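Residue-level structure breakdown
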Amino acid sequence: SQYEQLYLSRTLSALGDALQYTSKAVDAIQACCLLSIYYISNGRLLEGSHYSAAASSLAVQCRLHQIGSDSQPDVWDASFDLPPPKDNVERGERITTFWQVYNLDRCWSVMLRRPATLPDSDHPWASITTPWPQRIEDYENVGARFDKSVLA
């Protein structure tokens, strides 16, 4: 606990740096989730809610809610396009990250008595098509016989 403030300030600084690069978007989303849990665990509900909403917003902007979907909206802002995953493990990390954000958003919305931030509807931009996460070993095993078609 003696280094808590040091680690927190470094995390907040690194998060600001990571948001400059699309390739670091998943790391930024994961950091927002951890910050949300940290702040809410310490009774700082407004800050915790802020980072939960930030994680949700970034996840949607990066289309983590539609991994594996064939239908991509034509008018989506391409500046948030993530580079294709390098392998199935990276794809699995994106899937797991989305469901972490989803669970965090739904739990905090109940706890904080606010509407959920992540959309989920039949609208092409809001529908969740990301598959359920698997164990990391399952992604690693598929990675050994990596096929680009599983990344679609």
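The following refers to the structure shown. (Residues numbered from 1 in each chain as written. Predicted model: local features only at pLDDT ≥ 70, side-chain atom pairs only at ≥ 80, totals over all residues. Heavy atoms only, no water.)

Here we come to a nonpolar patch on the surface. Taken together, the side chains of Y3, L6 and Y7 define a hydrophobic patch exposed on the protein surface, amounting to about 320 Å² of accessible area. Locating Y3 in the fold gives a position in the segment before α1 (4-18). (Patch = residues over 30% accessible without salt bridge, like charges linked within 9 Å, V, L, I, M, F, W, Y side chains within 5 Å. Areas by Shrake-Rupley, 256 points an atom, 1.4 Å probe, with all protein chains shown as cover. Salt bridge = Lys/Arg side-chain N within 4 Å of Asp/Glu carboxyl O. Helix = DSSP H or I, 4+ residues; strand = E, 2+ residues; numbered from the N terminus.)

L15, I29, L64 and V101 are the most contacted members of the largest nonpolar core, which has 31 residues in total. For this core, the element with the highest residue contribution is helix α2 (residues 25-41), accounting for 10 residues. With residues up to four places along the chain from it excluded, the contact list for L64 reads I29, A59, L82, R94, T97, F98 and T130. (Core = buried A, V, L, I, M, F, W, Y, C linked by side-chain atoms within 4.5 Å. Buried < 20%, exposed > 50% of the residue type's maximum accessible area, 1.4 Å probe, protein only. Contact = heavy atoms within 4.5 Å.)

Moving on to the packing of aromatic side chains. One pair of aromatic rings is described through two measures. These are the centre distance and the angle between the planes. Taken as a whole and judged by the stated rule, the model has 7 aromatic pairs. Their ring planes at 75° and their centres at 4.9 Å tell us that F98 and W99 sit as a pair that is edge-to-face. Each member of the pair, F98 as well as W99, carries the same accessibility label: buried. Here W99 and Y102 contribute two aromatic rings whose centre-to-centre distance is 5.1 Å and whose plane-to-plane angle is 70°, an arrangement assigned as edge-to-face. Taken together, the positions of W99 and Y102, both in helix α4 (residues 88-111) and 3 residues apart, correspond to about one turn of that helix. Comparing W99 with Y102, the two get one shared label, buried. In textbook terms, an aromatic cluster arises when at least three aromatic residues are bridged by ring pairs, as seen for F98, W99, Y102 and W132. (Phe/Tyr/Trp six-rings, centres within 6.5 Å; stacked < 30°, edge-to-face > 60°.)

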